[in-house]
Amino acid sequence: MPDLNDELRDLADEAARHARPLPVADVIRQGDRRHQPAVTLWPLRRARKPRRATQARPGRRWPGWVAPLAAAAAVIAVVAGTAAVSSAIHGRRAAAGASPADRVIAYVVDSESGTVTPIRTATNTPLPPINTGDNSDTIAITPDGKTVYVANYVYRGGTVTPIRTATNTALRPIKTGRTPAAIAITPDGKTAYVANFDSGTVTPIRTAANTALPPIKTGSDPVTIAITPDGKTAYVANNGSGTVTPIRTATNKALRPIKVGPHPDAIAITPDGGTVYVANDIHAGTVTPIRTATNKALPPIKTGYDSAAIAITPDGKTAYVVNLGLYPKIPGTVTPIQTATNTALPPINIGGLSANIAITPDGKTVYVPAGGVVTPIRTATNTPLPPINVGGLSAGIAITPDGKTAYVANMLSGKVTPIRTATNTPLPPIKTGLRPIAIAIAP
Amino acid sequence: MDREEFTSFYTASFPRLVGQLSAMTGDRAEAQDAVQEAFVRAWVHRGQIDIGRGAEAWVRVTAWRIAASRWRRAREGIRLMLLAAPPDRTAGPGPDRVAFVEALRKVPAEQRRALVLYHLADLTVEQIAAETGVRPGTVKARLARGRAALTPHLRETTAPVGE
């Protein structure tokens, strides 16, 4: 009878025999294409303070852009959820002087070069990139638009870099737990919650002083966070445990975890704060609704292969779930869920694989980037419009508060493509780094 | 590590690492993708990697990070970026091994990782502790729990399952 050792060895040997390495020349070419420090991309017009360039501490530059298309999912929930807040701030800014549209900046996180590139949305011009640290991949902006938080994945560690939007300068990074995977900010802007994937904790950060509070224990592999519109509860999806941990923000105490499906990976809350939708991502995709009044899970709703992102319309009537698919066999789809009855409508084909979605502030159109195209879906009829060609591999997406422009990050070309939503036409792409992955827009 | 050294390291280590990662993840296609991407990064970071056993551990740790569940989506992206032929997903494990693979997938990831490092990579408990960033006591506990979970699923096991 074989023992465990033999069994493991046989399994590994069989896999090793089937290994199909790329030609070594391709591996080297791939690597060489990536190995360009961000600093060399941008001739700075005037001398600034010496940059904390990544090459200054080469020892810490471990595994590269691990972070994924995932980052944007969290961002999108924030963007969609705070549309109303954004426009309110908008008004206030307008009273202060300059035209509000001139002030709107899209912040593009680059997963490879450890930078954030601001883009002036009025003119679609990039500003000089801001160094944030290693392997940045997740971004969130305070509701007042004053501070951007970017999570940095450092080997066996993690930090969050605040950026002051008034000057577009990075402040001192705040130490978090290991592998910060998501950031969510309370509607009052006072606290940012950071999910530490490898520590199984959430670190609250007081935004006034940018200081970290003691970490709160969650389940294993916390991967994404959503906060109720009243700011009272943060819901944390634990990818490893198949649970969601509610955290009371007043006391920063974790409540009893709620069992959902396997590998929850995306989370969104209805604008009325009544229901949390959790996408469970492995293989047979489902979405689990949780009633916030009781913190009880309702029966899961069947979606598509590998549900990976959710966004809810501003009227709260429909939750759109992106099903990643399995390249190249199973195409990506979007499943609309009627929130009144928690029933899934037929899936809409989006052409390629996707883990990102954004909804216009008026709730009329959903944009789903997949592969080299972005598919607009009319929410009134749930019909896809002709796909917009952006080329390459589209990842993160964000829409301006006025709803006029959608920005799509392209991980192959290192550029961001603006899309005019009125006509669904792409504008000339903007170079932002090597591997832009997530975008958030500050009003 | 120069180009020549990298080439021989890549050629020699790739299949072995795919084997180890397959056992760690319970998914051959995912293991292949993760190891492929890890080698691209190894080339990028070749200046910091020592040739020899250290290099293989570097790639293994990196591949493990990539294979961790959160980064499944990244791997789909990686596959597109590498423009590699999709791996053969039809060729799964042999029928007598399916039950074992199923059982393996149910074991918590860190236990699988410890088992593979111990049984396949021939590391000591101390070395595993160093590679996985936990105390040796934790490694021992993971090994014991992983073994207990898998033993009932070994092939040709006819003894009744249970205490």
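Our subject is the structure listed above.
Residues numbered from 1 in each chain as written. Chains lettered and ligands numbered in written order. Predicted model: local features only at pLDDT ≥ 70, side-chain atom pairs only at ≥ 80, totals over all residues.

### Observations concerning the environment of Gly19(B)
Then, number 1: Note on placement: Gly19(B) falls in helix H1 (residues 3-25).
Then, number 2: Separated by 97 residues in sequence, Gly19(B) and Val116(B) have C-alpha atoms that sit 9.7 Å apart. (Helix = DSSP H or I, 4+ residues; strand = E, 2+ residues; numbered from the N terminus.)

### Remarks on the pairing of strand E12 (residues 201-206) of chain A
All names here are of chain A.
Then, number 1: Burial of E12 is extensive: five of the six residues sit out of reach of the surface.
Then, number 2: Between strand E11 (residues 191-196) and E12, which pair antiparallel one after the other, the connecting turn spans four residues, and glycine 200 there sits at a positive phi close to 65°.
Then, number 3: Where E12 and strand E14 (residues 216-217) come together, two bridges link them in antiparallel fashion. Within E14, the residue paired with threonine 201 across the bridge is lysine 217.
Then, number 4: Here E12 runs beside strand E13 (residues 211-212); their pairing, made up of two bridges, is antiparallel. Its bridge partner lying in E13, isoleucine 205 is registered against alanine 212.
Then, number 5: The hairpin formed by E12 and E13 contains four residues between the paired strands, and asparagine 210 there has a positive phi angle of roughly 55°. (Buried ≥ 20, exposed ≤ 12 C-beta atoms within 10 Å, placed from the backbone. Pairing = 2+ DSSP bridges.)

### Looking at unusual backbone geometry
All names here are of chain A.
Then, number 1: In the Ramachandran plot, asparagine 382 falls in the positive-phi region, its phi being about 55° despite a non-glycine side chain.
Then, number 2: Tracing the sequence through the fold places asparagine 382 in the loop between strand E32 (373-378) and strand E33 (383-384).
Then, number 3: Of note, asparagine 424 is a non-glycine position whose phi angle comes to about 55°, a positive value.
Then, number 4: As for its placement among the helices and strands, asparagine 424 is situated in the loop between strand E37 (415-420) and strand E38 (425-426).
Then, number 5: Here asparagine 424 falls in the partly exposed class, since 17 other C-beta atoms lie within 10 Å of it.

### Observations regarding the nonpolar core
Residue and element names in this part refer to chain A.
Then, number 1: Counting residues in hydrophobic clusters, the biggest one holds 103 residues, and the most contacted among them are Ile310 and Ile439.
Then, number 2: Examining the composition of this core, we find that six residues originate from one element, strand E40 (residues 436-442), more than from any other.
Then, number 3: Ignoring sequence-local partners within four residues, the contact set of isoleucine 310 consists of Ala266, Ala268, Tyr277, Ala279, Ala319, Tyr320 and Val321. (Core = buried A, V, L, I, M, F, W, Y, C linked by C-beta atoms within 7 Å. Contact = placed C-beta atoms within 7 Å.)

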